[in-house]
Amino acid sequence: MSTVDEQKRASALKALEFVEDGMVVGVGTGSTVRHFIEGLAALQDRIEGAVSSSEQSTALLKQHGIRVLDLNAVGPLALYVDGADECDPFNRLIKGGGGALTREKIIAEASERFICIIDKAKNVELLGRFPLPVEVIPMARSLVGRKIVALGGQPVWREGVLTDNGNWIIDIHHLRIVDPLTLERELNQIPGVVACGLFARRTADTVISAGELRKKR
Ligand code: 5RP
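Residues numbered from 1 in each chain as written. Predicted model: local features only at pLDDT ≥ 70, side-chain atom pairs only at ≥ 80, totals over all residues. Heavy atoms only, no water.

(A) A look at the sheet that holds strand β9 (residues 168–173). Spatially, four strands are ordered β8-β9-β7-β10 in an open sheet, and the strand pairing comes out antiparallel. Sheet topology places β8 (154–157) and β10 (193–196) at the edges, where each strand pairs with a single neighbour. Neighbour-to-neighbour, the strand axes of this sheet turn through a mean angle of 30°, independent of strand direction. Pairing of strand β7 (residues 132–136) with β9 involves five bridges; the strand directions are antiparallel. The residue of β9 that forms the bridge with E135 is I169. Running over the sheet, helix α7 (residues 180–188) touches β7, β9 and β10 and is turned about 165° from β10. (Pairing = 2+ DSSP bridges. Helix = DSSP H or I, 4+ residues; strand = E, 2+ residues; numbered from the N terminus. Axes fitted to C-alpha atoms, helices over the stretch in contact; angles between N-to-C directions. Contact = heavy atoms within 4.5 Å.)

See below:
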């Protein structure tokens, strides 16, 4: 039996096999991605550089000598590698446990292939046990909170946390997300919501769970 961290590392190492010479690689955020960045360091002379989804990952990339590039300067990316908090059988995800969901969503959208690297515990039949993060403009916090209650969720402000974009995070508890696509659309339409951590429209293309490529249902 491997530990959770060993499973994360195995997934990260498997994802390195998809990195090709000359690529600009999109890089996510979190403890699984940390293993990916460590592995990428050994390939740094073969790649053009990386686009980072957070200040935390930017610092790590630089620490390992990997060139960090601006998404605006490099255009569409061939590959994005990131973790997730939950992943359903259709590769729909909850992300944002680390608060980097907005930049993660931007890079996922800008990438041809999104490889999601997870440990086994992240695999779920139905999304929603992990509280769904939503990034909000600070002045809209209570408005968004009331709208979330109307949608059947329990909003909890991640007090004291400021995102890299200078915003706040609300985590939505007690959701059974039976229609992720509709919920993502509804949340996106609330004024003051910057992004929600549901990746139902732009799902992962490939999921690697504990080092194994997982089949999509
Ligand atoms: C950060 C994320 C992470 O990918 C997610 O929280 C998983 O993190 P970890 O790899 O540490 O389990 O979405 O915003």
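(B) Focus on the sheet that holds strand β11 (residues 198–199). The antiparallel open sheet is built from three strands, whose spatial order is β4-β5-β11. The open sheet has two edge strands with one neighbour each: β4 (86–87) and β11.

(C) Structural context of the site of the ligand. Taken together, 17 residues surround the ligand, and among them S31, T32, D85, G96 and K122 come closest. In this structure, K8 approaches the ligand through a side-chain N or O atom, which is 3.0 Å from an oxygen atom. Between the ligand and the protein, one listed contact pairs an oxygen atom with a side-chain N or O atom of E104 at 3.1 Å. Relative to its unbound accessible surface of 380 Å², the ligand loses 92% to contact with the protein. (Near = heavy atom within 4 Å. Polar contact = N/O pair within 3.5 Å; in protein donor to acceptor, adjacent residues only side chain to side chain. Areas by Shrake-Rupley, 256 points an atom, 1.4 Å probe, with all protein chains shown as cover.)

(D) Up close: the pattern of salt bridges. As enumerated under the stated definition, the model contains 13 salt bridges in all. Its salt-bridge partner being K95, residue D82 comes within 2.7 Å of it at the nearest N-O pair. On the criterion of sequence distance, the pair formed by D82 in strand β3 (residues 77–82) and K95 in the loop between β5 (93–94) and α5 (101–109) is long-range, its members being 13 residues apart. The exposure classification of D82 matches that of K95, with both residues buried. R158 is paired through a salt bridge with D171; the nearest N and O atoms lie 2.8 Å apart. Note that R158 is positioned in the loop between β8 and β9 and D171 in strand β9, a separation of 13 residues in sequence. Neither R158 nor D171 differs from the other in exposure class; each is buried. (Salt bridge = Lys/Arg side-chain N within 4 Å of Asp/Glu carboxyl O. Buried < 20%, exposed > 50% of the residue type's maximum accessible area, 1.4 Å probe, protein only.)

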